[in-house]
Amino acid sequence: MKINKKINYQNAVYLQAAESYSIVFLETGKSQVICRPLKNYAPTLVADGWCRIHRSFLVNPIFVKSIAENRTNLFLQNGDILPISRRNLKTVLHWRSIYQLP
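This section reports on the structure supplied with the text. The numbering scheme is per chain: residues are counted from 1 as the chain's sequence reads. pLDDT decides what is reported in this predicted model: residues at 70 or higher carry local features, side-chain atom pairs at 80 or more are listed and counted, and totals for whole chains, interfaces and linings draw on all residues regardless. To obtain the side-chain values, all non-hydrogen atoms of the structure were included, while hydrogens and water were left out.

### Considerations on the overall build of the protein
Our working definition: The way it works is that DSSP assigns letters per residue, a run of H or I at least four long becomes a helix, a run of E at least two long becomes a strand, and they are numbered from the N terminus. Throughout this description, buried means an accessible area under 20% of the type-specific maximum (1.4 Å probe, protein chains only), exposed means over 50%, and partly exposed covers the range between. Working rule for contacts: check all heavy atoms of both residues, and any pair within 4.5 Å makes them a contact. Accessible surface is estimated by sampling points in the Shrake-Rupley manner with a 1.4 Å probe; for residues, cover comes only from the protein chains shown. In summary, the charge assignment counts Lys and Arg as positive and Asp and Glu as negative, without counting His or the chain termini. For charged residues, the charge sits on one atom: NZ in Lys, CZ in Arg, CG in Asp, CD in Glu.
When you go through the protein residue by residue, the secondary structure sums to two helices and eight strands. When its helices and strands are written in sequence order, the protein yields β-β-β-α-β-β-β-β-β-α. With the C-alpha coordinates aligned to their principal axes, the bounding extent of the protein is approximately 35 × 25 × 20 Å. Looking at the protein as a whole, 39% of its 102 residues are labelled buried. Pairs at least 24 residues apart make up 40% of the contacts formed inside the protein by residues separated by at least 6 positions. Summed over all atoms, the accessible surface of the protein reaches about 6,400 Å², with 49% contributed by carbon and sulfur. For the protein, the separation between the mean place of its 14 positive charges and that of its 5 negative charges on side chains is 7 Å.

### Side note on the packing of aromatic side chains
As a reminder of what qualifies: A pair of aromatic rings is counted whenever rings of Phe, Tyr or Trp (Trp by its six-membered ring) have centres within 6.5 Å, and the orientation is called stacked for planes under 30 degrees apart, edge-to-face for over 60 and tilted otherwise.
Per the stated rule, a full pass over the model turns up four aromatic pairs. The interplanar angle of 15° and the centroid separation of 4.4 Å between the aromatic rings of Tyr 14 and Phe 25 together place this pair among those described as stacked. Residue Tyr 14 is found in strand 1 (residues 12-18), and its partner Phe 25 is found in strand 2 (residues 21-26); the two are separated by eleven residues along the sequence. Of the two residues examined, Tyr 14 and Phe 25, each falls in the buried class. Chaining the aromatic ring pairs together yields one cluster made of Tyr 14, Phe 25 and Phe 57.

### A word on the environment of Arg 71
Tracing the backbone shows Arg 71 in the loop between strand 6 (64-67) and strand 7 (73-76). Given the relative accessible area of 39%, Arg 71 is considered partly exposed. Separated by 16 residues in the primary sequence, Arg 71 and Arg 87 have C-alpha atoms spaced 12 Å apart. Discounting residues that sit within four places of it in the chain, Arg 71 has contacts with Ile 84, Leu 89, Leu 93 and Arg 96.

See below:
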């Protein structure tokens, strides 16, 4: 699946919601704003192994480094730290066991 004509989801580290837009953060360190909300991409990306860690974030498991001991943050290989919501914690922990993440 392509997020838009130029972005393949496999190159994306995570997506962040920004009102009625989404910001795609790529492994190259660049980001791109797309004019569709995160909810448009969530069903397809989650079916492909991505995880909704927060209302505002979808994460690609390939780029996850670890989960904080207190289970409130997710550390990515690019150095970004994203919050894990209490509501999604159970899903994140299940997802972690499936992908054998630290």
